[in-house]
Amino acid sequence: MTPLVRLDGVGFAYPKAAPGRSRFEIRDLSFAVAPGEVLGLIGPNAAGKTTVIHLLSKVLTPSRGEIFVEGEPLRSLGRAEVARRVAVVPQDVAQGFPYTVGELVLMGRFAHAPGRFFESAADARVAREAMRLTGVEALAGETLGRLSGGERQRVVLARALAQEPRLLVLDEPTAHMDLRYQAECVGLLRRLNREQGLGILLVSHDLNMAAELSDRLLLMSGGAAVTTGTPEEVLQESTLERVYGCRVVVDKHPATHRPTVNVAWPDR
Amino acid sequence: MTASLRALALCLLLVPGSAWGLEVVDQTGRVLTLPSPPRRIVSLVPSVTEIVFAIGAQDALAGVTDFCDFPVEAKGKPSVGGMINPSLEALVTLRPDLVVATRSGNRAETFDQLKRLRLPVYLVDPISVEDVMRLVTALGDLTGHRDGAAVVTGDLERRMKMVEERVAGRRRPRTLYVLWPDPLIVPGRDALVSELIARAGGESVTADQGAGYPRMSLEAAVARAPEVIILASHGGGTPVGRDKWERLESLPAVKSKRLYTADGSVMHRYGPRVVEGIESLARLIHPEAFVK
Amino acid sequence: MTGRRKLLAVCAGLALVLGLVALLSLLVGSARVAPGAIVDLVMGRGPVEGTERVVILGIRLPRIAAAALAGGALAVAGAGFQALTRNPLAEPSVLGVSAGAAFGVVLAQISGLGQGVVEALGLTAFAFAGALVAGVSVYVIAATGRGLPVHTLLLAGVIVGIFFSAAITVLISLVDTNRLGGVIHWLLGNLAPIPAGALGVFAAVTALGLWLVLGKARALNLLALGEEGAQELGVDAERLKRRIFAGSALLTGAVVAFVGPIGFVGLIVPHALRMLVGPDNRVLIPAAALGGGVFLLAADTLARTVVAPAELSVGVITSFCGAPFFIYLLRSRAGRVMP
């Protein structure tokens, strides 16, 4: 089966680095996400996780290697074509003007008919469905400024779903979120994965959440892949200590039996 | 009105060889063809307004500008606004058959608009006192007031000759004329005031500066050690900056207390009062020549 | 679709207002023209007496057309630039283009151009040249190998604008006092009737600029999410930015060339309209095209009637009247301004 997305020996370096900082690179990265799979991308800061997202969405171009989307080279696909297959849910919601939730979600339909001036009735239907799935239908007339953090994330998720992608790429979806939101988010993503068959590439600092949701994990460090496999395989104490540089204890979650990572707090 | 014009045109056609239409050449060499001597003139130039009144042709003047303040009767004429931005509507409403404008003071855009509206424009461009005389004569011809013009030019020539005689042979003191104190603006080449100073028996220290009325640094002016300084006043309490000059005690003019104020409006307009300007300048520069 | 319906409603409403303001403007002025004469002229019924015909057709109508076009062009340029820089306080003159165009015109005026009809077009060419030099300079300064970063664009625009303003000041200090009044008068921004041929060119250039900006209005909305955000949704952000920049610069340069530098319209009209119709550029930009015309036309009508027969500069009116109105709008509908 053709993977949704495949990186083949991909390398990337920023053309100009800030003085005093080394040129950040992604070195020889290869992995794939199968259709309907949830792949968790984890690793310490500056491991290159966000760069991978930018490479996938064509914001950045790889210096070496090739990226394939559903078997086709990313190079040869137009931005709109990519956006129809891969939807990114960014961590920060940049916004300069007070668009309503409804208008923002509708923006996700752009890639499907970029030449249209106004969206079609079909576009509106897809957008409404996306809002229903994420539970923000009632907020359609509100502006983002009046929403809570969790609601805002769900709006951005709805916009990504409106793109009708095959692969959903999430950048730190539960960062700064309280427990309830984290639980809702995991539940929603799991439903989308199971009911819609949506592939998910999840980038997160939250190792436990990633372990819970993902079928497979990819651990990165310093721009290269360290190891990949099931959560149990990847989340080994020795591996984590080597990569993160601090002592950890890996347990089993009492309810789900997925591995949970606990930091061994220093100087107790 | 259209009917009578048509009749007139027919008459002119029937008379072969008659000079129908007045052909006039303005001061910039442009040729204008007027169907008849102008009876409704709009003057966009205050000096022209003055001349028209002086030669007695004010009945032919249909409109003036806000700056046409001499003679007093001129203020009684309808105004079309300023020199830079006259109201086109007001102008057109006056139904002029001739508009008099100048290249220095009115805008080129105004001239373009008038041409577009098919109004005949007579451009004046006097630089010297001779030009003023010629302008008086030309306006006299234009309005059919040749005699009035002759009277004016005769009078002006007589008065200039008198001044010339009085200052003849006397040494010309170095004279600085301050048109505006800050920034310092002085009369340069081709400036009317430069010629007035010369005719009044003085030697303008700025006559070699740029064309028209250029700016000059205070230092450069002081370096020329003027013996006479004349500060132009523009009426209405505009600053003359007298004390600034009085502080320059080393200047010959200040030492001999030859720091004068003069009425600027008389000197800067290309009208009949330029001779008044010559006279007042002569009295300041050569007071000894006018003691009875 | 509510989008379409809203666009139609807004445009119809503003077009109506524009028509009313134009009619009112036709009726007032320094000259007394009977309303009946206007009706007669419009209907083609004659005869209308010479003066009235000249005033209406030769003076007022071309001036009204110029005001409507210039106001619309400035407002659309402002809306485009605000969307491009994601900053609702951006102004077309921030591009530096209007300063460059103004420099071109002042240079031409000082070297003695503008004495005839042909030279009037030459004046326009100088303005376009100035606008082009400024626009290209800004682009070259701001563009890096990777594209056109917005903050550098703003900075480059400000710097280029300052440079050309300084250059204009140098020219002013050198020009002889006789011509000074005329140059300063032009710099203050004044509307005057434009001959029909020039008006046609002006309209055509404005239409081109409007197409450049409006044609990508939907993608422009997505730019509000940031360039990366827009790209992730399928927008070619670099091409879009270049196109909007070109359109905005073209519109601004055209106004300066044909009418003169008029400030504040490009800032206040799109911002005020955004408060009323929302940030969707597909509605906002057409609204700006009409609303800008209304605003400038109203301002110019005031400028030429308030102290008749003298005239105020229209730039004075746009600033004095625009600012308090803007403050009122800001306070009463604060919620819809910022997210």
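All figures in this text were calculated on a predicted structure; none of them were measured in a lab.

## Here we look at the overall build of chain B
Okay, step 1: Scanning chain B from N- to C-terminus turns up 12 helices and 10 strands.
Okay, step 2: Overall size of chain B, expressed as C-alpha extent along the three principal axes, is 75 × 35 × 30 Å.
Okay, step 3: Counting only residues that meet the buried cut, chain B has 46% of its 292 residues in that class.
Okay, step 4: Of the contacts made within chain B by residues no fewer than 6 positions apart, 59% connect residues no fewer than 24 positions apart.

## Focus on the sheet that holds strand 5 (residues 72–73) of chain A
Residue and element names in this part refer to chain A.
Okay, step 1: A sheet is described by the order of its strands in space; here 4 strands give the open sequence 2-1-4-5, paired in antiparallel fashion. Each end of this open sheet is capped by a strand with a single partner; those strands are strand 2 (25–33) and strand 5.
Okay, step 2: Sheet contacts for helix 1 (residues 49–56): strand 1 (5–13), strand 2 and strand 4 (64–69); angle to strand 1, the most-contacted strand, approximately 115 degrees.

## Let's talk about helix 6 (residues 179–196) of chain A
Turn by turn, an α-helix covers 3.6 residues, leaving residues three or four places apart pointing in a common direction.
Okay, step 1: Spanning 18 residues, helix 6 of chain A covers 25 Å between terminal C-alpha atoms, matching the ideal 26 Å at 1.5 Å per step.
Okay, step 2: Immediately downstream of helix 6 of chain A, the backbone of G197 of chain A shows phi near 70 degrees, a positive value.

## Digging into the nonpolar core
What tends to happen in soluble globular proteins is that the nonpolar side chains get buried as a cluster.
Okay, step 1: Membership of the largest hydrophobic core comes to 262 residues, with the highest contact counts inside it found for V169 of chain A together with V76 of chain C.
Okay, step 2: At 20 residues, helix 3 (residues 50–85) of chain C tops the list of elements feeding residues into this core.
Okay, step 3: Sequence-distant contacts of V76 of chain C, defined by excluding residues within four places in its chain, comprise G209, L210, V213, L251, I285, A288, A289 and G292 of chain C.

## Overview of the confidence of the model for chain B
Residues and elements named next belong to chain B.
Okay, step 1: Counting all residues, the mean pLDDT for chain B is 86, and 91% of those residues have values of 70 or more.
Okay, step 2: By mean pLDDT, helix 1 (residues 2–14) is the weakest element of chain B at 50, and strand 3 (residues 41–43) is the strongest at 95.
Okay, step 3: Long-range and interchain partners of residues 9–19, a stretch whose pLDDT sits below 50, account for 2 contacts in this model, where long-range means more than four residues apart.
Okay, step 4: Model confidence for the complex is summarised by a pTM of 0.84, with the ipTM given as 0.89.

## Some details on the interface of chain C and chain B
Accessible area lost on assembly of the parts is the figure often given for the size of an interface.
Okay, step 1: Counting from both sides, the interface comprises 27 residues of chain C and, opposite them, 28 residues of chain B.
Okay, step 2: Going through the elements one at a time, helix 3, helix 5 (117–142) and helix 7 (177–187) of chain C are the ones with two or more residues in the side of chain C that touches chain B.
Okay, step 3: Residues of the side of chain C that touches chain B, tallied by class, amount to 12 nonpolar, 13 polar and 2 charged.

## Remarks on the pairing of strand 2 (residues 31–34) of chain B
Okay, step 1: Bridge count for strand 1 (residues 22–25) of chain B against strand 2 of chain B is 4 bridges, and the pairing is antiparallel. Within strand 2 of chain B, the residue paired with V24 of chain B across the bridge is L32 of chain B.

## Thoughts on the pairing of strand 8 (residues 199–203) of chain A
Remark: a regular strand shows side chains that alternate across the two faces of the sheet.
All names here are of chain A.
Okay, step 1: With respect to burial, strand 8 is a largely interior element, 5 of its 5 residues being buried.
Okay, step 2: Burial of strand 8 is two-sided: the residues G199, L201 and V203 facing one way and the residues I200 and L202 facing the other way are all buried.
Okay, step 3: Note: strand 3 (residues 38–42) against strand 8, 4 bridges, orientation parallel. Note that in strand 8 the partner of L41 across the bridge is V203.
Okay, step 4: Relative to strand 8, strand 7 (residues 167–171) is paired through 5 bridges, and the arrangement is parallel. Pairing of V169 across the sheet is with L201, part of strand 8.

## Thoughts on the interface of chain A and chain C
Okay, step 1: Taken residue by residue, the interface counts 25 residues in chain A and 25 residues in chain C.
Okay, step 2: Of all the secondary structure elements, the ones that give two or more residues to the side of chain A that touches chain C are helix 2 (79–85) and helix 3 (101–107) of chain A.
Okay, step 3: Here the residues of the side of chain A that touches chain C sort into 16 nonpolar, 6 polar and 3 charged.

## So, the packing of helix 3 of chain C against helix 11 (residues 237–258) of chain C
All names here are of chain C.
Okay, step 1: Where helix 3 contacts helix 11, the axes come no closer than 9 Å and their chain directions differ by 150 degrees. With respect to their mutual orientation, helix 3 and helix 11 come out roughly antiparallel. Handedness of the helix 3/helix 11 crossing: left-handed. Together, A70, A73, L74, V76, A77, G80, F81 and L84 of helix 3 and K241, I244, F245, G247, S248, L251, T252, A254 and V255 of helix 11 make up the contact between the two elements.

## Some points on the sheet that holds strand 7 of chain A
The strands making up a sheet associate through hydrogen bonds between their backbones, and the pairing can be parallel or antiparallel.
Residue and element names in this part refer to chain A.
Okay, step 1: Pairing is mixed across the open sheet formed by 6 strands, whose spatial order is 6-7-8-3-9-10. Across the chains shown, the open sheet's two edge strands, defined by having one partner strand only, are strand 6 (86–89) and strand 10 (224–229). Taking each pair of neighbouring strands and ignoring which way they run, the sheet shows an average axis angle of 20 degrees.
Okay, step 2: As defined by bridge partners, strand 9 (residues 216–221) adjoins strand 10 across 5 bridges and the pair is classed as antiparallel. Along strand 10, the bridge assignment pairs S221 with A224.
Okay, step 3: Strands in contact with helix 1 are strand 3, strand 6, strand 7, strand 8 and strand 9; relative to strand 7, the strand with the most contacts, it is inclined by about 145 degrees.

## Some remarks on the packing of helix 4 (residues 121–133) of chain A against helix 5 (residues 149–162) of chain A
All names here are of chain A.
Okay, step 1: Closest axis-to-axis distance for the helix 4/helix 5 pair is 8 Å, and the angle between their directions is 140 degrees. When the interaxial angle is binned, helix 4 and helix 5 end up oblique. Crossing hand, helix 4 versus helix 5: right-handed. Counting all contacts with helix 4, which are made through V126, A127, A130, M131 and L133, the residues of helix 5 involved are A158, L161 and A162.

Basis of the calculations
Residues numbered from 1 in each chain as written. Chains lettered and ligands numbered in written order. Predicted model: local features only at pLDDT ≥ 70, side-chain atom pairs only at ≥ 80, totals over all residues. Helix = DSSP H or I, 4+ residues; strand = E, 2+ residues; numbered from the N terminus. Buried ≥ 20, exposed ≤ 12 C-beta atoms within 10 Å, placed from the backbone. Contact = placed C-beta atoms within 7 Å. Pairing = 2+ DSSP bridges. Axes fitted to C-alpha atoms, helices over the stretch in contact; angles between N-to-C directions. Expected span 1.5 Å × (residues − 1). Core = buried A, V, L, I, M, F, W, Y, C linked by C-beta atoms within 7 Å. pLDDT = per-residue confidence, 0-100. Nonpolar A, V, L, I, M, F, W, Y, C, P; charged D, E, K, R; others polar. Parallel < 35°, antiparallel > 145°, perpendicular 65-115°, else oblique. Left-handed = near helix turned anticlockwise from the far one by under 90°.

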